[in-house]
Protein chains: 2
Amino acid sequence: MPTPDNHTETAPACDGGGSAACEHISRTLARISDKWSMLVVRMLGRGPCRFNALRREIGEISQKVLASTLRDLEEHGFVSRTVTPVTPPQVEYALTDLGREFLDPVRTLAEWVMANSSRMEAARVAYAARRAGN
Amino acid sequence: MPTPDNHTETAPACDGGGSAACEHISRTLARISDKWSMLVVRMLGRGPCRFNALRREIGEISQKVLASTLRDLEEHGFVSRTVTPVTPPQVEYALTDLGREFLDPVRTLAEWVMANSSRMEAARVAYAARRAGN
DNA sequence: CAGTATCCCCAAAGATACTG
DNA sequence: CAGTATCTTTGGGGATACTG
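A brief structural summary. Per chain, residue numbering runs from 1 following the sequence as it is written. All chains are assigned letters beginning at A, and all ligands numbers beginning at 1, according to the order in which they are written. With pLDDT at 70 or above as the cut-off, local features in this predicted model cover only qualifying residues; side-chain atom pairs require 80 or more to be listed or tallied, and sums for whole chains, interfaces and linings still use all residues. For side-chain calculations, the full set of non-hydrogen atoms in the structure is used, while hydrogens and water are omitted.

Note on terminology: near, applied to a residue and a molecule or strand, indicates that one of the residue's heavy atoms is within 4 Å of it. Taken together, 18 residues sit near DNA strand D, with A:R50, A:R81, A:Y93, B:K35 and B:K64 positioned nearest. Each atom of DNA strand D within 4 Å of the protein was classed as base or backbone; sugar and phosphate made up 55%. The definition of a polar contact used here is a pair of N or O atoms within 3.5 Å, where within protein one atom must be able to donate a hydrogen and the other to accept one, and adjacent residues in sequence count solely through side-chain atom pairs. At 3.0 Å, a backbone N or O of A:N52 approaches a phosphate oxygen of DNA strand D. Within the residue set of the surface near DNA strand D, elements represented by two or more residues are α3 (51–58), α4 (63–75) and β3 (90–95) of chain A together with α4 (63–75) of chain B. The way it works is that DSSP assigns letters per residue, a run of H or I at least four long becomes a helix, a run of E at least two long becomes a strand, and they are numbered from the N terminus. With four residues, the top contributor of residues to the surface near DNA strand D is α4(A). Under the scheme applied here, ten amino acids are nonpolar (Ala, Val, Leu, Ile, Met, Phe, Trp, Tyr, Cys and Pro), four are charged (Asp, Glu, Lys and Arg), and all others, including Gly, are polar. A class-by-class count of the residues in the surface near DNA strand D yields nine nonpolar, three polar and six charged.

Here it is as structure tokens:
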């Protein structure tokens, strides 16, 4: 990152925020748009779930990656982790209020994507044709 | 990708879509949440811009990465590329209608992020404390 | 000016093994 | 069960050089 923290900027909001905001938003988007987070949040949206249950439902994720995905989501306050000290250990993951509220704007975006997927697909096809043609 | 395409699913929409939709949305989010796309879209939101002007404004991006970022955005129909065959060559990039409309839901999400950044920061601090304490 | 072509590097994904 | 530790692999980001 270069000269970041452009906090003094006036933030024209022509795009959803100033450049500092832009970085912040980009980071938040990155958090949910990595390979697994959406899927995990989706599973947890159905209700609390334990580590291996989650892993089984997702199917092909490695322990390491699921663990780090959950850690990231927990760090950002979207997911809670509750340990019940029994044997064998039991750990329940669930969406927090913040995580659940976060689903609102995500749903808005999701709806836009679904509504406009044909336009995006058309653009993709047109682009491919343009490339092939050239 | 493993056994994906759970197309037969009933899509409870508890999270913004079914699992096929989830993949689709995740991919779209990924497109704008990579290291540079938001910044590029932000610049173009202010008006059309040429390659090197864009590069200068962003500052520390490499040619290769800016080119591929623009190609991706063009492929997805968010950005248009207009070549004026003069010497030296002149290429103008601009947001398409689709790109501009896309900013709406993104702005919604951006506003949520800004409104809740303190909660997220608090979660981050609490998480760090928990880790340090343990 | 606006790129493509090449090579390098590193962070993150993945596989595997081990532990409280 | 729920992870961490370790090793390997991969591909995106970056620097540099070249071209229409």
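Having seen it, we continue.
Okay, the relation of the copies chain B and chain A next. Superposition record for chain B on chain A: RMSD 0.0 Å, screw rotation 180°, translation along axis 0.0 Å. What the superposition gives is, in effect, a two-fold axis relating one chain to the other. When checking whether two residues touch, look at their non-hydrogen atoms; a contact exists if any pair is within 4.5 Å. The share of interface residues of chain B whose copies in chain A are also at the interface is 100%, consistent with both copies meeting through the same surface. Alignment of the copies relies on least squares applied to C-alpha atoms, considering only residues that score at least 70 for pLDDT in both.

Once that is clear, we can look at the protein's contact with DNA strand C. Near DNA strand C, the surroundings consist of 18 residues, among which A:K35, A:K64, B:R50, B:R81 and B:Y93 are the closest. The sugar-phosphate backbone supplies 53% of the atoms of DNA strand C found within 4 Å of the protein. A distance of 2.5 Å is found between a phosphate oxygen of DNA strand C and a side-chain nitrogen or oxygen belonging to B:R81. Here B:Y93 contributes a side-chain N or O atom positioned 2.5 Å from a phosphate oxygen of DNA strand C. Where the surface near DNA strand C is concerned, the elements lending two or more residues are α4 of chain A together with α3 (51–58), α4 and β3 (90–95) of chain B. It is α4(B) that contributes the most residues to the surface near DNA strand C, four residues altogether. Looking at the surface near DNA strand C residue by residue, the classes come out as nine nonpolar, three polar and six charged.

Residue and element names in this part refer to chain B. Two strands pair if DSSP finds at least two bridges between them. Across the sheet, which stays open at both edges, the three strands sit in the order β1-β3-β2 with antiparallel pairing between neighbours. The open sheet is flanked by β1 (49–50) and β2 (79–84), the only strands paired with a single partner. Bridge count between β1 and β3: two bridges; the pairing is antiparallel. Within β3, the residue paired with C49 across the bridge is Y93.

Before going further, it helps to spend a moment on the packing of aromatic side chains. Stacked, tilted and edge-to-face are the three classes applied to pairs of Phe, Tyr and Trp rings, where Trp contributes its six-membered ring and a pair requires centres within 6.5 Å; stacked means planes under 30 degrees apart, edge-to-face means over 60, and tilted covers the rest. Within this structure, the stated rule accounts for six aromatic pairs over all chains. Ring geometry for A:F102 against B:W112: centres 4.8 Å apart, planes inclined by 55°, an arrangement best described as tilted. Of this pair, A:F102 sits in helix α5 (residues 97–133) while B:W112 sits in helix α5 (residues 97–133), on two different chains. In this pair, the class of A:F102 matches that of B:W112, namely buried. Taken together, A:F78, A:F102 and B:W112 form an aromatic cluster joined through their ring pairs. Here the term buried applies to any residue with accessible area under 20% of the maximum for its type, exposed to any over 50%, and partly exposed to those in between, with areas from a 1.4 Å probe on protein chains only.

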